[in-house]
Structure formats: C-alpha cells, structure tokens
Amino acid sequence: MIEQRQELNRVAGYFKVLSDCSRIRILTVLLDNEYCVNDLAACLSMSKSAVSHQLRILRSECLVKSRRAGKQVFYSISDIYVQETLTAGEDHVLRYFGGGGNQNE
C-alpha cells in the first residue's frame, strides 16, 4: 500500500507541475522543436529568468530534457508520454469546453 501511495504522490506531482499556464505554454512551444532559453523567452514574451525558472521545474519532473551546444542549452520535450499528455488534455478541454458551452451529451 505504501508503494502505491508513493506512486500516486508522484502522479499528483506530475499533474501539479502541469497545472501552471506558463509551463503549459513552454511545453506547447517545445512540441514543435527544441529551443534555448532566449528563443523561448522571445517567443512567449516572458523574461529569461522566468523561463529558466519554469524549465527548472519541468526538468525536475522529467517533462523536458536539455542538450548543451557550446554555451547554449537547448530544451525539448523529454518523451512521447509528455506529448500525449498535452494532446489528451487539449482534446479533453476542446471537447467539453470548446465552442462556448458544456458538450456533456
């Protein structure tokens, strides 16, 4: 039972990280390609320090991975499961809340 509780806590932590709009915005941009902090900051109209802070949190839950190229660090989605989670979340929201009303039929 304790192992199951620990797993549930990890899953809850994963979704807690995904509950921040700035992090979702970063992940959505990273779905298409890898980017450095400067490019993410410019693309999202966020400060470099804010992007770095959010990336640190995303890395702590293994949602993004990094690759160093000289002095720059490039970030990308860590695996297909992150992409599928984002896609499923978007599909769910569009199905039930897209179009201006509850589609619960």
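**Q** Which parts of the structure should I look at to understand the pattern of salt bridges?
**A** Oppositely charged side chains can pair when the atoms bearing their charge come close. Across all of its chains, the model carries 2 salt bridges by this definition. The residue Glu61 makes a salt bridge to Arg10 at a minimum N-O spacing of 3.5 Å. Highlighted residues: Glu61 in the loop between α4 (48-60) and β2 (64-69) and Arg10 in helix α1 (residues 2-18), separated in sequence by 51 residues. On the basis of relative accessibility, which here comes to 17%, the residue Glu61 falls in the buried class. Residue Glu34 pairs with Arg67 through a salt bridge whose shortest N-O separation is 2.3 Å. Highlighted residues: Glu34 in the loop between α2 (21-30) and β1 (35-36) and Arg67 in strand β2, separated in sequence by 33 residues.

**Q** What is the right way to look at unusual backbone geometry in this model?
**A** One can expect most non-glycine residues to show negative phi and most peptide bonds to be in trans. One non-glycine residue, Ser45, lies in positive phi territory at about 55°. On the basis of relative accessibility, which here comes to 70%, the residue Ser45 falls in the exposed class. Located in the positive-phi region is Cys62, a residue other than glycine, with phi close to 60°. Mapped onto the fold, Cys62 is located in the loop between α4 and β2. On the accessibility criterion, Cys62 (53% relative accessible area) is exposed.

**Q** Is there a simple way to explain the environment of Leu55 in this structure?
**A** Relative to the assigned elements, Leu55 resides in helix α4. When the C-alpha positions of Leu55 and Tyr75 are compared, they lie 8.3 Å apart, and in sequence the two are 20 residues distant. Contact partners of Leu55, with chain neighbours within four places excluded, come to Ile26, Leu30, Val37, Leu40, Val64 and Tyr75.

**Q** Even after reading the chapter, I still don't get the sheet that holds β1, so can you show me in this structure?
**A** Strand pairs in the sheet, formed through backbone hydrogen bonds, run parallel or antiparallel to each other. Spatial ordering of the open sheet is given by β1-β3-β2, a layout of 3 strands whose pairing is antiparallel. Both edges of this open sheet fall to β1 and β2, since each of them pairs with a single strand only. Strand direction decides the pairing type here: β2 and strand β3 (residues 72-77), joined by 6 bridges, are antiparallel. Each residue of the ladder has a partner; that of Ala69, found in β3, is Gln72. Sheet contacts for α2: β1, β2 and β3; angle to β3, the most-contacted strand, approximately 90°. Those strands touched by α4 are β2 and β3, and its axis lies near 115° from that of β2.

Conventions and cut-offs
Residues numbered from 1 in each chain as written. Predicted model: local features only at pLDDT ≥ 70, side-chain atom pairs only at ≥ 80, totals over all residues. Heavy atoms only, no water. Salt bridge = Lys/Arg side-chain N within 4 Å of Asp/Glu carboxyl O. Helix = DSSP H or I, 4+ residues; strand = E, 2+ residues; numbered from the N terminus. Buried < 20%, exposed > 50% of the residue type's maximum accessible area, 1.4 Å probe, protein only. Contact = heavy atoms within 4.5 Å. Pairing = 2+ DSSP bridges. Axes fitted to C-alpha atoms, helices over the stretch in contact; angles between N-to-C directions.

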